[in-house]
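# Commentary on secondary and tertiary structure
Each chain, letter by letter, is given below.
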Amino acid sequence: MGMIAATLLLFCSEDDVFWMMAVVMEDLLPSSYFSSNLWGAQADQAVLGSLVTSLLPGLASVLASHNIELSLISLHWFLTLFSSALHIKILVRVWDLLFHEGSTVMFRMSLGMLKLAEDDVLAVDEVLLQLPHRPQQLLPQLHQLLLQPLDLPTGGRLNQFKYSKVSQTCLF
């Protein structure tokens, strides 16, 4: 809520910000959105998750295959009404739509932002799928790496004595 209020204070008086925050809390967002358990925000995240599954199935499958919760990406967008994610010029336009059309704008914005990033996420997924086979391809370089001594930033070498002394210090 602090990000929302702070951004509103850039454009409005304190009284106006108070009443706009009242509108956000009472009219735009579901009840208990900012409660300690965030039930309203969690409900919106579940709705967004089902929308992503049906409208962006490729992205949803990549997230699911890597056990990435969508809320890790999008929860702060919703809790800050995008003030933590968008440039102020775009944010003001989004908030105009939000106050005019309601909370469905948050879902449209989230889906749009995820759609814009979908190709990049799918490309990274292809790289991640190749990663387990990558050491096989790098075997000659890895062999050379193992033959070289490990130089520490201090210029010294990590020998077995130093390693065991440091590891004992860290463990106990």
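As shown above, the structure is provided for reference.
As a starting point, this report considers the structure included with it. All figures in this text were calculated on a predicted structure; none of them were measured in a lab.

## Description of the overall build of the protein chain
Check the secondary structure of the protein chain and you find 10 helices and zero strands. Mapped in sequence order, the helices and strands of the protein chain form the string α-α-α-α-α-α-α-α-α-α. In the protein chain, the proportion of contacts linking residues at least 24 apart, taken out of those at least 6 apart, comes to 62%. Counting every atom, the protein chain has about 11900 Å² of accessible surface; 64% of that belongs to carbon and sulfur.

## What to know about unusual backbone geometry
The phi angle at L38 is positive, at roughly 55°, despite the residue not being glycine. Residue position: L38 is located in the loop between helix 2 (14-28) and helix 3 (39-55). Given a relative accessible area of 23%, L38 falls into the partly exposed group.

## Focus on the packing of aromatic side chains
Overall, the coordinates contain five aromatic pairs when judged by the stated rule. Geometrically, the ring pair formed by Y33 and F34 is edge-to-face, given 5.5 Å between the ring centres and 70° between the ring planes. We classify Y33 as buried; its relative accessible area is 2%. Where F78 meets F107, the ring centres are 5.4 Å apart and the plane angle is 65°; that geometry is what we call edge-to-face. You can see F78 sitting in helix 5 (residues 70-79) and its partner F107 sitting in helix 7 (residues 104-130), a full 29 residues away along the chain. Summarising the burial analysis for this pair, F78 and F107 share the class buried. In textbook terms, an aromatic cluster arises when at least three aromatic residues are bridged by ring pairs, as seen for W77, F78, F82 and F107.

## What about the environment of M106?
As for its position among the elements, M106 is in helix 7. Judged by its relative accessible area of 1%, M106 is buried. Separated by 58 residues in the primary sequence, M106 and L48 place their C-alpha atoms 9.4 Å from one another. Once you skip the residues sitting within four places of it in the chain, M106 turns out to touch L29, Y33, D44, F78, L81, F82 and L98.

## Description of the nonpolar core
For soluble globular proteins, nonpolar side chains are generally found buried alongside one another. Core analysis: the biggest nonpolar cluster contains 31 residues, and V52, L81, W95 and M106 have the highest contact counts within it. At the level of secondary structure, the elements contributing two or more residues to this core comprise helix 1 (2-9), helix 2, helix 3, helix 4 (57-65), helix 5, helix 6 (88-101) and helix 7. Not counting the four nearest positions on each side in its chain, L81 is found in contact with I4, V24, L29, L91, W95, L98 and M106.

## Observations regarding the side chain of D44
One can find D44 in helix 3. There is no salt bridge for the buried D44, and the closest opposite charge comes from R108, which lies 14 Å off by N-O distance. With near-sequence residues (within four places) excluded, D44 lies in contact with P30, Y33, F78, M106 and F107.

## Section: helix 1
Side chains of residues three or four places apart in an α-helix project in the same direction, reflecting 3.6 residues per turn. The set of residues buried in helix 1 consists of I4, T7 and L8. Viewed end-on, helix 1 has its buried residues packed into an arc of 100°, placing them on one side of the element. Packed against the buried residues of helix 1 are helix 2, helix 5 and helix 6.

Reading the values: rules and limits
Residues numbered from 1 in each chain as written. Predicted model: local features only at pLDDT ≥ 70, side-chain atom pairs only at ≥ 80, totals over all residues. Heavy atoms only, no water. Helix = DSSP H or I, 4+ residues; strand = E, 2+ residues; numbered from the N terminus. Contact = heavy atoms within 4.5 Å. Areas by Shrake-Rupley, 256 points an atom, 1.4 Å probe, with all protein chains shown as cover. Buried < 20%, exposed > 50% of the residue type's maximum accessible area, 1.4 Å probe, protein only. Phe/Tyr/Trp six-rings, centres within 6.5 Å; stacked < 30°, edge-to-face > 60°. Core = buried A, V, L, I, M, F, W, Y, C linked by side-chain atoms within 4.5 Å. Lys, Arg positive; Asp, Glu negative; His and termini not counted. Salt bridge = Lys/Arg side-chain N within 4 Å of Asp/Glu carboxyl O. Arc of directions from axis to C-beta.

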